[in-house]
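Coordinates in review
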There are 4 protein chains.
Amino acid sequence: MPASPLLPSLDSPHRRKGEQTAERILDAAEALFAERGYAGTSLRDVAARVELRIPSLYNHFPSKDALYAAVLARGIGPVLELLAGFAAAPSESRDAGAVIERVMAILRRHRNLPKLIQHETLAGGPRLTPMLREWIAPVFGRAGEMAETAPGAGRWAPEQLPLVVIAVYNVLVGFFTFAPLYQALNGDDLLTDARLDHQTRILREVVAALFPEVPIER
Amino acid sequence: MPASPLLPSLDSPHRRKGEQTAERILDAAEALFAERGYAGTSLRDVAARVELRIPSLYNHFPSKDALYAAVLARGIGPVLELLAGFAAAPSESRDAGAVIERVMAILRRHRNLPKLIQHETLAGGPRLTPMLREWIAPVFGRAGEMAETAPGAGRWAPEQLPLVVIAVYNVLVGFFTFAPLYQALNGDDLLTDARLDHQTRILREVVAALFPEVPIER
Amino acid sequence: MPASPLLPSLDSPHRRKGEQTAERILDAAEALFAERGYAGTSLRDVAARVELRIPSLYNHFPSKDALYAAVLARGIGPVLELLAGFAAAPSESRDAGAVIERVMAILRRHRNLPKLIQHETLAGGPRLTPMLREWIAPVFGRAGEMAETAPGAGRWAPEQLPLVVIAVYNVLVGFFTFAPLYQALNGDDLLTDARLDHQTRILREVVAALFPEVPIER
Amino acid sequence: MPASPLLPSLDSPHRRKGEQTAERILDAAEALFAERGYAGTSLRDVAARVELRIPSLYNHFPSKDALYAAVLARGIGPVLELLAGFAAAPSESRDAGAVIERVMAILRRHRNLPKLIQHETLAGGPRLTPMLREWIAPVFGRAGEMAETAPGAGRWAPEQLPLVVIAVYNVLVGFFTFAPLYQALNGDDLLTDARLDHQTRILREVVAALFPEVPIER
DNA sequence: GATGAATGAGGATTCATTCAT
DNA sequence: AATGAATGAATCCTCATTCAT
């Protein structure tokens, strides 16, 4: 029996179009939230970017906050999965180089993500905390533990280890967050493919320098 | 000769009190801008924090924008002077360790500064660009040049050098910007004196690892 | 073919109601701008008069300035068309009496118009100038030319003619602008139908006196 | 005995300077009120024009309203005296031409006055009414009476007479109020001495045309 | 007499949200 | 699903005024 027109099947054109719209809204919102932060982004801007009127946004997301959460979730999800996979792997088979490579690959396609996260980090605030408990906390907890059990960890005192992990994290994220300023200063775009390759290499070397004994595939 | 009543002397009570108030406004604004960014900070919040009514703010700063610029200028000034001094020093007498120490000392007293700068960096925007040309640009220009002529520069290809400098910069700034998130996750405050000592040490080691031949006083 | 729901037909209830509201806003604004001028009129007053909240005004006009411009355009349009028609008519068929009659008829229905124009005239300012070039300038230019080619023009030196035209204009407008003061002084309302008839007659006689040879139908 | 420094005589430099300041404030306020009306003029503007700070204005006038009233009084006084003198003169010795000449002379020196009055007229409102009763009312009352008893009055029906007087008044005032618009349109300044001579002449002719039997000295 | 600082009231405008269509 | 209209709350900012100096 074909789906009744009143109950459209999961991928009827209707539904597809609706999801497409939601996706377009997420895209627009992601770019704007990344550039201007939550407070600096108005639904008016988002709507204009999607070429919709504001109330239409409410057909897809129940509030600005929910839209923001959705943007964050969509962006952060893949990264967390990757990290979780890495953390879960047996310690011998962890290859730092591969993770760096794959994280960079994700960020290349989602260049807004680091800025988005950085905005949240700076706010350090209420909107973030709920998501933290669920997503970031375990990963960063694992990261510390990983580092502790990692071969090269001997170089750092236990209470220094989290700080070193944070340092690496900031080097990674920083390439993206610093890009617009760099461009304003020098005219160069740090986010071209060539530059991103450089950054990947630098990141590898930074990790190699900080954790001399961690295996890293060349 | 007594000061004419028409031209109040430089330290008339008026002036002194006014300057004090302006300073208090700057303090309040700095904290709020750092935490919530420009768009997320309302003059209402600032005024409440200084225990003034909103219009009084306008007796000291002509607009929110001007207040923001003043906050930025006051905060960034000393750091830039320090860096400029370092950049101007003859290359043999440059001691990376000393600079790290002194930058950290400044940031310890102005803990909002890195967040402030980070917000601006993320915005990458119009409010920043004018200041950039004047202040940051020459320093970062010098930083690149410094690194090139530095003994350890040989380790990096010329086009990689700016990226490495940026990496160090991000490690430094990142300790401060990541602090609130870290606290929300783990309950630990990264900005205690003990922790900041750790970070200083880590930063030195990062620099040592990245520029193995740069002299660094222990 | 039924109208698509995405493109509401020209007289959807939405549109009709919206236009009605816009018209009511224009009415209220016209009265207030006429009485108190631009600076003296607050959107709060306008909104109160239409029984709306202030932000609703922005659903119909993007700014106070735009509302003002719309008021002016709506009011001045018909008069200018009338004058343009008169100016375009062949000189023999021009009947000063008829124009006076018809201008008075318009102003009777739009009694705020003269005050509105007078406010603008006094400001002599930036808000006016753009509209002037487009609307008023050509008409007044024609007015001068008309007067020159008119039979009675011989009475006045060419450089006096514009001044005489202005004089007539001021007599006409003055009846309306002076009315509130007159009422405050004497208690009489100059804008009753009877009084307006008088004024029309006086205006005719003034024109007859100033241009003795211009044909004027009785 | 010379005036003690504690009790400065009426025209001590102290007092003189004070009065001078008040006069300068009046000048600035007159120009601004004339151009922008009461609501459109801020004390900030006035103070800036006198190169004082706002609170200093309050040393000379107790409120914005009082300043406005003072501007009006200072400007209108001479005109009213002139008219009063004319009205009081025995009817045979009245010479319309002389009055026109002298009113124009006053307005030439006080070009803001007509605009000022026109603003008030348009407001027709509360700020005006108190002054009206005292100043303008009697004069206009007399004007009507004068016109009635004047030789040429026979031309007009009694109830038309006030309207005719108003017409003349508007011709006179209109030259000044229309000037800025005219200048914006044509680039010509209507308030040059030559133009004002023309206007005086036109005004005489208008009066002559409207009151053919009124004596008017050539 | 002049002014810096402070402020209550109000200015225009934006924002996120709701609802009827 | 899309949108015009409406709105309470909040935005930045201006204004007239006061007061201590």
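Whatever comes next refers back to the structure up there.
Read on for a plain summary of the structure. Counting of residues starts from 1 at the beginning of each chain's written sequence and follows it residue by residue. Here the convention is simple: chains get letters from A, ligands get numbers from 1, in the order in which they are written. Since the coordinates come from a predicted model, pLDDT governs what is reported: local features require at least 70, and pairs of side-chain atoms require 80 or more to be given and counted, while whole-chain, interface and lining totals use all residues. Side-chain figures throughout are based on the complete set of non-hydrogen atoms in the structure, without hydrogens or water.

Helix numbering and strand numbering both begin at the N terminus, where a helix is a DSSP run of H or I of at least 4 residues and a strand a DSSP run of E of at least 2. Scanning chain A from terminus to terminus reveals 10 helices and zero strands. In this description, contact between two residues means that some pair of their heavy atoms is separated by no more than 4.5 Å. Taking the contacts inside chain A whose residues are at least 6 apart along the sequence as the reference set, 68% of them involve residues at least 24 apart. Summed over its atoms, the accessible surface of chain A is roughly 10500 Å², and 57% of this surface lies on carbon and sulfur atoms. For accessible areas, the Shrake-Rupley method is used with a probe of radius 1.4 Å. Any residue's cover is judged against the shown protein chains and nothing else.

Least-squares fitting of chain D to chain C yields an RMSD of 0.2 Å, with the transformation described by 0.0 Å of translation along the axis and a rotation of 180°. Put plainly, the chains are arranged around a two-fold axis. Looking at chain D, 100% of its interface residues are interface residues in chain C too, so the copies touch through the same face. A least-squares fit on C-alpha atoms brings the copies together, and the residues used are those whose pLDDT is at least 70 in both copies.

Take the relation of the copies chain B and chain A next. What relates the pair of chain copies is a rotation about an axis plus a shift along that axis. Of the transformation superimposing chain B on chain A, the axial component is 0.1 Å and the angular component is 180°, with the fit at an RMSD of 0.1 Å. The residues that chain B uses at the interface reappear at the interface of chain A in 100% of cases, marking a shared surface.

Residues and elements named next belong to chain A. Throughout this description, the term salt bridge denotes a Lys or Arg side-chain nitrogen within 4 Å of a carboxyl oxygen of Asp or Glu. Applying the stated criterion across every chain, the model contains 36 salt bridges over all chains. In this structure, the salt-bridge partner of Arg111 is Asp193, at a minimum N-O distance of 3.8 Å. Remark: Asp193 occurs in helix H10 (residues 193-210) and Arg111 occurs in the loop between helix H5 (96-109) and helix H6 (112-123); sequence separation between them is 82 residues. Several salt bridges converge on common partners, so that one network encompasses Glu23, Asp27, Glu30 and Arg74.

In this section: the interface of chain B and chain A. Tallying the contact residues gives 48 residues for chain B and 48 residues for chain A. Once two parts are joined, some of their accessible surface, as seen by a 1.4 Å probe, is lost; buried area is that loss totalled over both. Together chain B and chain A conceal approximately 4300 Å² of surface at their shared face, both sides included; 73% is due to carbon and sulfur atoms. Linking chain B with chain A are zero salt bridges. Each polar contact in these results corresponds to two N or O atoms within 3.5 Å; when the atoms are within protein, one needs to be able to donate a hydrogen and the other to accept it, and residues that are neighboring in sequence are counted only if both atoms are side-chain atoms. The interface formed by chain B and chain A holds zero residue pairs in polar contact (both at pLDDT 80 or more) in total.

A few words on the interface of chain D and chain C. Contacts between chain D and chain C engage 48 residues on the former and 48 residues on the latter. Buried surface at the junction of chain D and chain C, summed over both partners, amounts to about 4300 Å²; 73% is from carbon and sulfur atoms. Applying the counting criterion to the chain D and chain C interface returns zero salt bridges. Where chain D meets chain C, there are zero residue pairs in polar contact (both at pLDDT 80 or more). When contributions to the side of chain D that touches chain C are tallied by element, the ones reaching two or more residues are helix H1 (13-40), helix H6 (112-123), helix H7 (129-149), helix H8 (161-177), helix H9 (179-186) and helix H10 (193-210) of chain D.

A separate point is unusual backbone geometry. All names here are of chain A. Positioned with a positive phi, Glu51 is a non-glycine residue whose angle comes to about 55°. Looking at the element boundaries, Glu51 is found in the loop between helix H2 (43-50) and helix H3 (54-57). A relative accessible area of 66% places Glu51 in the exposed class. Whether a residue is buried, partly exposed or exposed follows from its accessible area with a 1.4 Å probe, protein chains only, as a fraction of its type maximum: under 20%, in between, or over 50%, in that order.

Residue and element names in this part refer to chain C. Its location among the elements puts Ala28 in helix H1 (residues 13-40). Classification of Ala28 by relative accessible area gives buried; the value is 5%. Linking Ala28 and Ala167, residues 139 residues apart in sequence, is a C-alpha distance of 31 Å. Contacts of Ala28, omitting those with residues within four sequence positions, involve Val46, Arg49 and Val50.

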